[in-house]
Amino acid sequence: MLVMLQNKNDMNKLPEGVKNYLIDLDGTVCDDIPNEEAYKMTTAKVYPGALETLNKWYDQGHIITFFTSRTEEHREMTETWLKEHGFKYHGMLMNKPRFGNYHWIDNHTVRATRYNGVWSDLVEKEMKIEVFNE
C-alpha cells in the first residue's frame, strides 16, 4: 500500500505518523554477504524478527525501501530472495556507498537507527547529534 498525497501542497510531506524507512540488507536484515561473494546472497539467512517487524511496519502503512550496497547486477537475485522470504516492500535502491560511517545531509527530517543485532519495536531516546551551526 503506497501512501497517496492529498494535494500538490503535500508533495514534500507524508501523512502524520507515516515513516519512510530506508533499510539496509546485508548485516541488518540477513547474513552479511559481500558483493564479492554474490553466490551466497541466494542462501542468506533472515535475522530473527526482521521479517515480522518490517512486514508489520508495511502493514501499518509505513513506506519500506531497501537501501543496499549490492550492485545493480544483484537486483534480480535480491528481489527473488525478498519474495521467497515473504518481505513486503515498496522499493529498493542499489549501489549504496560501501563501508559505513554514513553522514546523511538532507532538507527533510532524518532519523537514523543503528541495527545492533535485535529487531524490535523502536523506542525514543535523547541522543547527542551533530547539526549545522546556524
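For the structure, see preceding data.
These figures come from a predicted structure and were not determined experimentally.

Basis of the calculations
Residues numbered from 1 in each chain as written. Predicted model: local features only at pLDDT ≥ 70, side-chain atom pairs only at ≥ 80, totals over all residues. Heavy atoms only, no water. Phe/Tyr/Trp six-rings, centres within 6.5 Å; stacked < 30°, edge-to-face > 60°. Helix = DSSP H or I, 4+ residues; strand = E, 2+ residues; numbered from the N terminus. Buried < 20%, exposed > 50% of the residue type's maximum accessible area, 1.4 Å probe, protein only. Lys NZ or Arg CZ within 6 Å of the ring centre and 35° of its normal. Core = buried A, V, L, I, M, F, W, Y, C linked by side-chain atoms within 4.5 Å. Contact = heavy atoms within 4.5 Å. Pairing = 2+ DSSP bridges. Axes fitted to C-alpha atoms, helices over the stretch in contact; angles between N-to-C directions. Salt bridge = Lys/Arg side-chain N within 4 Å of Asp/Glu carboxyl O.

K.L.:
Explain the packing of aromatic side chains to me, using residue names and the numbers behind them.
P.N.:
On inspection of all chains with the given rule, the structure shows seven aromatic pairs. Measuring from ring centre to ring centre gives 6.0 Å for Phe66 and Phe87, while their planes differ by 90°; the resulting arrangement is edge-to-face. One end of the pair, Phe66, is in strand β2 (residues 63-67); the other, Phe87, is in the loop between α2 (75-85) and β3 (91-93), with 21 residues separating them in the sequence. Both residues of the pair, Phe66 and Phe87, belong to the buried class. Aromatic pair Tyr115 and Trp119: ring centres 5.5 Å apart, planes at 35°, arrangement tilted. Linked through ring pairs, Tyr21, Tyr47, Trp57, Tyr115 and Trp119 together constitute an aromatic cluster. Seen from the ring of Phe67, Lys96 lies directly overhead, with NZ or CZ sitting 5.8 Å from the centre.

K.L.:
Provide a residue-level description of the nonpolar core, including the pertinent values.
P.N.:
Counting 21 residues, the largest nonpolar core has Ile23, Val29, Leu54 and Phe66 as its most contacted members. Looking at this core, the elements with two or more residues in it are β1 (20-23), α1 (50-59), β2 and α2. Looking at which element gives the most residues to this core, the answer is α1, with four residues. Among all residues touching Val29, those that are not within four sequence positions of it are Ile23, Asp24, Lys45, Val46, Tyr47, Ala50, Leu54, Phe66, Phe87 and Trp119.

K.L.:
Pulling in residues and values, what's your account of the sheet that holds β2?
P.N.:
With parallel pairing, the three strands of this open sheet are ordered in space as β1-β2-β3. Both outer strands of the open sheet, β1 and β3, are each paired with one neighbouring strand and no more. Taking each pair of neighbouring strands and ignoring which way they run, the sheet shows an average axis angle of 25°. Sheet topology places β1 next to β2; four bridges connect them, and they run parallel. Looking across to β2, one finds that Asn20 is bridged to Ile63. Contacts from α1 reach β1 and β2 within the one sheet, and its direction differs from that of β2 by about 135°.

K.L.:
Tell me about the pattern of salt bridges, residues and numbers included.
P.N.:
Two side chains that carry opposite charge are able to pair once their charged atoms sit near each other. Using the criterion set out here, one finds eight salt bridges in the structure. Between Asp26 and Arg70 there is a salt bridge, and its shortest N-O distance comes to 2.8 Å. With Asp26 in the loop between β1 and α1 and Arg70 in the loop between β2 and α2, this pair connects stretches of sequence that are 44 residues apart. The two residues Asp26 and Arg70 agree in class, both being buried. Among the ionic pairs, Arg75 bridges to Glu72, the shortest N-O distance being 2.4 Å. Judged by its relative accessible area of 22%, Arg75 is partly exposed. Relative accessible area serves as the criterion here: at 42%, Glu72 is assigned to the partly exposed category. Through salt bridges with shared partners, a single network forms among Glu72, Arg75 and Glu79.

These results come straight from atomic positions and should not be treated as a statement about function.
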